[in-house]
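# Report on the structure
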Amino acid sequence: MMSSGDLASEVEARFARIRDLVLALGLTADELASVDAVRTLLPAGNRAETEEISDRRDSAPNSRRRRRLVSGLLVAATVSALVIVFQWPVGRADLLAYWFGIPVFALERQRCLMGVDSAALILDLFRPPVDCSICRDVTAVDRVSNISSGTFETRYAYSARPVIVTDAMDDWAALKAFSFEFFRRIYTDDSPVLTSESNCQFFPYKTDFKNLSEVFQMSDDRARMSDGSEPWYIGWSNCDSIAANILRSYYKRPYFLPDLAESSKTDWIFMGSPGYGAQMHVDNVVNPSWQAQVIGTKLWVLEPPPECYFECQAQVKVHVRPGEIIVLDTNKWYHSTYITGSEMSITIGSEFD
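Reading the values: rules and limits
- Note that residues are indexed from 1 along each chain, following the sequence as it is written.
- Where totals are concerned, whole chains, interfaces and linings use all residues; where local detail is concerned, this predicted model gives features only for residues with pLDDT of at least 70, and gives and counts side-chain atom pairs only at 80 or more.
- Excluded from the side-chain calculations are hydrogens and water; all other atoms, namely the structure's heavy atoms, are used.
- Note on terminology: a nonpolar core comprises buried Ala, Val, Leu, Ile, Met, Phe, Trp, Tyr and Cys residues joined through side-chain atoms within 4.5 Å.
- For every residue, the accessible area (1.4 Å probe, protein chains only) is compared with the maximum for its type, and the residue is labelled buried under 20%, exposed over 50%, or partly exposed between those bounds.
- Throughout, a residue-residue contact means that at least one pair of heavy atoms, one from each residue, lies within 4.5 Å.
- Only runs of H or I of at least four residues qualify as helices and only runs of E of at least two qualify as strands under DSSP, and these elements are numbered from the N terminus.
- In short, DSSP must find at least two bridges between two strands for them to pair.
- All axes are obtained by fitting lines to C-alpha atoms, using only the stretch in contact for helices, and the reported angles, taken between N-to-C directions, cover 0 to 180 degrees.
- Each reported salt bridge corresponds to a side-chain nitrogen of Lys or Arg within 4 Å of a carboxyl oxygen of Asp or Glu.
- Disulfide assignment relies on a single distance test, namely cysteine sulfur atoms paired within 2.5 Å.

Our next topic: the nonpolar core. Grouped together as the largest cluster of nonpolar side chains are 48 residues, with contacts concentrated most on F152, F178, F183, L212, V215, W232 and W236. Apart from residues lying up to four places away in sequence, F183 is in contact with F178, F216, W236, L247, I269, M271 and I346. The next biggest cluster of nonpolar side chains, apart from the first, holds 18 residues, and it includes C132, V316, V318 and I326.

As C-alpha cells, then:
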C-alpha cells in the first residue's frame, strides 16, 4: 500500500507527464493554465499567477475546443490513476478486458461508491479511439431515397457516415397504428419489459419514471401534455417475445440494408412529448443501428468524438420527420435528440451487423 507521500509523488509525476504531453501537442502554457482542473492541481503559490493568466482566455472556437480536449485528457488521467493505484471504481484487469473486447466483465453494471452510475463515464473515457475519417468531410447528413442495398453498403452501412433514407417506411402499418395507447396494450401485466427485469433495459433520461409500468400508468392527458404537465422522454429495449412478434407485424426489414446483414432481435423504442429528448451521449452497443421516425419530428445534433475535434465540423444538425429512417453508428458519433413541433414522438429501431 502506498504511503500518502508516495501517492502524492506519483500523482505529481503523472500530472507532469500529462502537462508535457499537452504542451507537446501545441497548446500554450496560457491555454493550459486556463483550464479549471489545472488551476486546482497547481500549488497554491502559483494560483495568483494562474488567475491572472485565466483573465486573458482566448474566446476563439479553436481555443475552446482545445480547453475541452485538455479537460477530457485530465479527467481521463485522473480516472486512470484511480483505477491503476486504487482499482476504483473497477479493477485493472476488468478495465483491460473491456479495452481489448474480452467479454468477461459486465462493466456497464458497475456503480460508483456514491450511488451514481459510473458506466457512462468509464466507458466514454476508456473507449478505443475513433478513426476521424468517419466525420472529416461530413458537413450535413445526406438524405437519400430509392437506394440499392449495394450502394448503401458501400457508402453508409459500415463507414459510420450518417444518412437519412426518406422512403423506407412507405408500406409500414406502424405509421397509422403506433401510439401511446398501442404500446400500453401490447404488454401483458407480467411482461418483464414493464419492470425492467432480465435483459430488459429502461432509460428514464431526466424523468422520475422508475420503469415502463409507471410510464403506462400516465393518463392520456399527461402523456400528451394537454393538462399542462412537464415534457417527458423515455426509451426501452423490448425483451418480450410476444410483443416482439406483434411489433414486427407492423414494420418490415428496411429495404436498403445489405443483403447479408441481419438486424438484432431486440427492438429499441423511444417515446416522448415535444420539448424533450436525450442529452448528448455516445452509446455502448455492438453495431451501427437504424432508427425509424414513426410519429413526430426529432432534431438530432451530432458531434465527432473528442479526438476528432480538430479535423471535423464541431456539430451537424438534422431533423428526422415521420416516415424517415436515420442510420447512425451511435458508438462513434456523440448525439443528442430533441422533439420539435406539437406531436408526440415515437421511434423504433435496431442494430444491424
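A word on the environment of I269. As for its position among the elements, I269 is in strand 5 (residues 267-272). Separated by 80 residues in the primary sequence, I269 and G349 place their C-alpha atoms 6.6 Å from one another.

A few words on the sheet that holds strand 8 (residues 316-320). Reading across from one edge, 8-7-10 is the order of the three strands in this open sheet, with antiparallel pairing throughout. Since the sheet does not close on itself, it has two edges, and those belong to strand 8 and strand 10 (334-340), each with one partner. Recorded for the sheet is a direction-independent mean angle of 20° between the axes of neighbouring strands. Relative to strand 10, strand 7 (residues 297-303) runs antiparallel, the two sharing seven bridges.

Where charged atoms from two side chains of opposite charge approach closely, those side chains can pair. By the definition in use, this model includes ten salt bridges. Between R184 and D220 there is a salt bridge; the shortest N-O distance is 2.9 Å. Residue R184 is found in helix 10 (residues 180-186), and its partner D220 is found in helix 13 (residues 220-223); the two are separated by 36 residues along the sequence. Taking the relative accessible area as the measure of exposure, D220 reaches 37% and is therefore partly exposed. Residue D329 pairs with K332 through a salt bridge whose shortest N-O separation is 3.9 Å. Owing to a relative accessible area of 10%, D329 belongs among the buried residues under this scheme. Salt bridges here are not isolated pairs; linked through shared partners, they connect E181, R184, D220 and R224.

What follows deals with the pairing of strand 6 (residues 289-295). A regular strand carries its side chains on alternate faces of the sheet. For strand 6, the tally of buried residues reaches seven of seven residues, placing the bulk of the element in the interior. Alignment of strand 6 against strand 9 (residues 324-328), held across five bridges, turns out to be antiparallel. Along strand 9, the bridge assignment pairs S289 with L328. Sheet analysis places strand 6 next to strand 11 (residues 345-351), joined by six bridges and oriented antiparallel. Within strand 11, the residue paired with Q293 across the bridge is T347.

The full count for this structure, using the stated rule, is three disulfides. Bonded cysteines in the protein are paired 1-5, 2-6, 3-4 when counted in the order they occur along the chain.

This next bit is on the sheet that holds strand 6. Pairing is mixed in the open sheet, where eight strands are placed in the order 1-2-9-6-11-5-4-3. Every other strand in the sheet has two partners, leaving strand 1 (142-144) and strand 3 (202-203) as the edge strands with one partner each. As paired elements, strand 1 and strand 2 (residues 163-165) share three bridges and run parallel to each other. Counted as the bridge partner of R143 is I164 from strand 2.

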